[in-house]
Amino acid sequence: MPAIDYCEPQVIRALNRGGYRVTDQSFALRIDITRGFVFADLRLVRTTEPLSSIIVVEVKCFPETRTALDELYGAIGQYIVYREAMLFNAVEGTLFLAVPMTVFETLLKRPVLDAAIRETKINLIVVDLEHEEVRQWIRW
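As the structure is a prediction and not an experimental result, all values here were calculated from the model. Chains are numbered independently. Their residues run from 1 in the order of the written sequence. Owing to the predicted nature of the model, reporting of local features is limited to residues with pLDDT of at least 70; listing and counting of side-chain atom pairs is limited to 80 or more, with chain, interface and lining totals taken over all residues. Calculated side-chain values reflect all of the structure's heavy atoms, with hydrogen atoms and water omitted.

## As for the nonpolar core
Alright, step 1. Throughout this description, the term nonpolar core refers to a set of buried Ala, Val, Leu, Ile, Met, Phe, Trp, Tyr and Cys residues connected via side-chain atoms within 4.5 Å. Working definition: with a 1.4 Å probe on protein chains only, accessible area under 20% of the residue-type maximum means buried, over 50% means exposed, and in between means partly exposed. Formed by 26 residues in total, the largest nonpolar core has its most connected members in Leu29, Leu72, Leu108 and Leu124.
Alright, step 2. Helical segments are the DSSP runs of H or I of at least four residues, strand segments are the runs of E of at least two, and each set is numbered from the N terminus. Per-element tally for this core: the top contributor is helix H2 (residues 68–88), with 7 residues.
Alright, step 3. Ranked by size, the runner-up nonpolar core spans 16 residues in total, among them Cys7, Val57, Val59 and Cys61.

Okay, structure coming up:
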């Protein structure tokens, strides 16, 4: 089973406050017909009004053990593979990348990196980890 990102509990609590409930931690997505899988961090459902919805979330905390750019490169690659795996398997729901608000404000607002996120149409959930609140949803 894949490792849990250190900020995942705060992200879960922030999403819970927004009416989402975790249905799967480590959500398996098949990448071929035989036995290959990748694992997104979370699958959640929202059953509150106005609309029920399903989301799949990859959490990235940007730990200090790796450079922020290395973590972003990996996150973009994972997101693209997970998005294609969801299409391949006809998985219901929308894929999001959850990132700390501090990373969004300092790293993802840089012009080239912002353009890369926009060009690849990566849906983001920006989370204030300290207050355990979703501050912004960016959906393409």
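## Side note on helix H1 (residues 8–17)
Alright, step 1. What H1 keeps buried is the set Glu8, Val11, Ile12, Ala14 and Leu15. The buried residues of H1 all sit within an arc of 160 degrees when viewed along its axis, so they share a single face.
Alright, step 2. Each element contacted by the buried residues of H1 is listed here: strand E1 (20–30), strand E2 (37–46), strand E3 (53–59), strand E4 (94–100), strand E5 (124–128) and strand E6 (133–138).
Alright, step 3. Looking one or two places after H1, you find Gly19, whose phi comes out positive at around 95 degrees. Here the arc refers to the directions that run from the helix axis out to each C-beta atom. The contact definition used throughout considers only heavy atoms, calling two residues in contact when any of these lie within 4.5 Å.

## Description of H2
Alright, step 1. To estimate the expected span of a helix, subtract one from its residue number and multiply by 1.5 Å. Over its 21 residues, H2 extends 30 Å from the first C-alpha to the last, a length consistent with the 30 Å expected when each residue adds 1.5 Å.
Alright, step 2. One or two residues past the end of H2 sits Ala90, with phi positive at roughly 50 degrees.

## Thoughts on the side chain of Thr94
Alright, step 1. Within the secondary structure, Thr94 is located in strand E4.
Alright, step 2. Here the side chain of Thr94 touches Arg139 through a polar contact of 2.9 Å, side chain to side chain. Two N or O atoms form a polar contact when they lie within 3.5 Å of each other; inside protein one atom must be a possible hydrogen donor and the other a possible acceptor, and for residues adjacent in sequence the pair counts only when both atoms belong to side chains.

## Regarding the pattern of salt bridges
Alright, step 1. We define a salt bridge as a side-chain nitrogen of Lys or Arg found within 4 Å of a carboxyl oxygen belonging to Asp or Glu. This model, assessed by the stated rule, comprises 7 salt bridges.
Alright, step 2. The partner of Glu133 in a salt bridge is Arg17, with the nearest N and O atoms 3.6 Å apart. With a gap of 116 residues between them, Glu133 in strand E6 and Arg17 in helix H1 connect regions that are remote in the sequence.
Alright, step 3. Look at Arg17 and you get exposed, because its relative accessible area is 57%.
Alright, step 4. In this structure, Arg135 and Asp128 form a salt bridge, with 2.9 Å as the shortest nitrogen-oxygen distance.
Alright, step 5. Note on Arg135: relative accessible area 43%, which makes it partly exposed.
Alright, step 6. Put simply, Arg17, Asp128, Glu133 and Arg135 are held in one network by salt bridges that share partners.

## Here's the deal with the state of the cysteines
Alright, step 1. Two cysteine sulfur atoms make up a disulfide if the distance between them is within 2.5 Å. The final tally for this structure, using the stated rule, is 1 disulfide.
Alright, step 2. Paired by a disulfide, Cys7 and Cys61 hold their sulfur atoms 2.0 Å apart. Here Cys7 and Cys61 share a disulfide; its torsion about the S-S bond, -90 degrees, makes the bridge left-handed. In this pair, Cys7 is assigned in the segment before H1 and Cys61 in the loop between E3 and H2, connecting sequence segments 54 residues apart.
Alright, step 3. With relative accessibility at 1%, the residue Cys7 sits in the buried group.

Function cannot be read off these values alone, since they describe shape.
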